[in-house]
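Observations on the three-dimensional arrangement
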Amino acid sequence: MARRKKEPLSAHREKITVVASALFTEKGIAATTVDEIAKKAGYSKATLYVYFENKEEIYFSLVYQHMQDLFQTIEKITLQEIHSPKQWEERYLEVCFSIQRLCKEYPIYFEGMIGYINVDISSDETPQVYKDIYNLGLRLSGLVKNIIEKGILFDIFWPGNNPDEIMIFFWSSISGIVRMAEHKKAYYKLLGFDNDEFLKREFLSLLGCCQRMQGGSS
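Since this is a predicted model, take the numbers as computed values, not measurements.

Calculation rules
Residues numbered from 1 in each chain as written. Predicted model: local features only at pLDDT ≥ 70, side-chain atom pairs only at ≥ 80, totals over all residues. Heavy atoms only, no water. Helix = DSSP H or I, 4+ residues; strand = E, 2+ residues; numbered from the N terminus. Contact = heavy atoms within 4.5 Å. Phe/Tyr/Trp six-rings, centres within 6.5 Å; stacked < 30°, edge-to-face > 60°. Buried < 20%, exposed > 50% of the residue type's maximum accessible area, 1.4 Å probe, protein only. 1 Å grid on protein atoms, 1.4 Å probe; cavity = no way out; pocket = protein on both sides within 12 Å on 5 of 7 lines; lining within 4 Å. Points joined across faces, edges and corners; volume = space filled by probe spheres on them. Nonpolar A, V, L, I, M, F, W, Y, C, P; charged D, E, K, R; others polar. Axes fitted to C-alpha atoms, helices over the stretch in contact; angles between N-to-C directions. Parallel < 35°, antiparallel > 145°, perpendicular 65-115°, else oblique. Left-handed = near helix turned anticlockwise from the far one by under 90°.

What to know about the side chain of Glu182
Within the fold, Glu182 resides in helix 9 (residues 163–183). If we ignore the near neighbours within four places in the chain, the residues touching Glu182 are Cys103 and Lys104.

Set out below in structure tokens:
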């Protein structure tokens, strides 16, 4: 116990989340218990509760980690200079496929990222990780909005349209597309679809759909 007291809080939390991640992947979230996580991490259940309030907080700590990775990836994409509509389309597809990779590689955390967190963000009693997820979600949306605003400069979107509305439309649509592709990949294979090429066409169709919607509303 003396050794643990000398370690920073972050070291204990990281050890617990690494073990929990392995168990969530192996057994699923619902089937994994706090007792199992504590035992495999080398803690008593009571000690684990010193570092996490419950299993949900452990899970959302992992969601936050993957959101951070996604944010860094999309930030690098959006910071690249864009000099033509073709380059804009390439950046747009990179953003779409970075979201798709998260869904494909870590589906249980992707669900947590796009799902509803039933907590009061403004409450002092709310664990910090929920506030972190909320705030990072706003920053992620800001990155997507940024690339949309660049698209407006290249006349990809109608100048009079609200970038926030387009951003929400894309987030919801892309999330639905990549979730469907992940859940139905065996079916797509039976149909003879190459998943990446099919997704590329879907993402471009989504872009065209948004353009037509804007054209009709102008």
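With respect to the packing of aromatic side chains
Applying the stated rule across the entire model yields 15 aromatic pairs. For the pair Phe24 and Tyr59, a centre-to-centre distance of 6.3 Å together with 75° between the ring planes defines the contact as edge-to-face. Taken together, the residues Phe24 in helix 2 (residues 9–27) and Tyr59 in helix 5 (residues 55–79) connect sequence positions 35 residues apart. Of the residues examined, Tyr59 reaches a relative accessible area of 10% and is grouped as buried. Ring centres of Tyr92 and Phe170 lie 5.6 Å apart, and the angle between their planes is 65°; on these two criteria the pair is classed as edge-to-face. Pair noted here: Tyr92 is in helix 6 (residues 85–105) and Phe170 is in helix 9, with a separation of 78 residues, a long-range link. A relative accessible area of 5% places Tyr92 in the buried class.

A word on the environment of Met167
Following the sequence through the fold, Met167 ends up in helix 9. A C-alpha to C-alpha distance of 9.2 Å links Met167 and Asn146, two positions 21 residues apart in sequence. Apart from residues no more than four positions distant in its own chain, Met167 is found in contact with Ser141, Val144, Lys145 and Ile148.

Here's the deal with empty space enclosed by the protein
Going through the model one piece at a time under the given rule, you end up with 2 cavities of 30 Å³ or more. Quantified by volume, the largest cavity comes out at close to 110 Å³. Residue lining of the largest cavity: Trp88, Tyr92, Val95, Cys96, Ile99, Val144, Ile147, Ile148, Phe157, Phe170, Trp171 and Ile174, and that is the complete set. Breaking the lining of the largest cavity down by element, the ones donating at least two residues are helix 6, helix 8 (128–153) and helix 9. In terms of residue count, the dominant contributor to the lining of the largest cavity is helix 6 (5 residues). Broken down by class, the residue content of the lining of the largest cavity amounts to 12 nonpolar, no polar and no charged. The volume enclosed by the second largest cavity comes to roughly 30 Å³. Forming the boundary of the second largest cavity are Gln100, Cys103, Lys104, Val178, Ala181, Glu182, Asn195 and Leu199.

So, the packing of helix 2 against helix 3 (residues 34–41)
Their axes nearest at 9 Å, the elements helix 2 and helix 3 cross at an angle of 125°. When the axes of helix 2 and helix 3 are compared, the pair comes out oblique. The interaxial crossing formed by helix 2 with helix 3 has right-handed handedness. Between helix 2, through Lys15, Ile16, Val19, Ala20, Leu23, Phe24 and Lys27, and helix 3, the contact on the second element is made entirely by Glu36, Ile37, Lys40 and Ala41.

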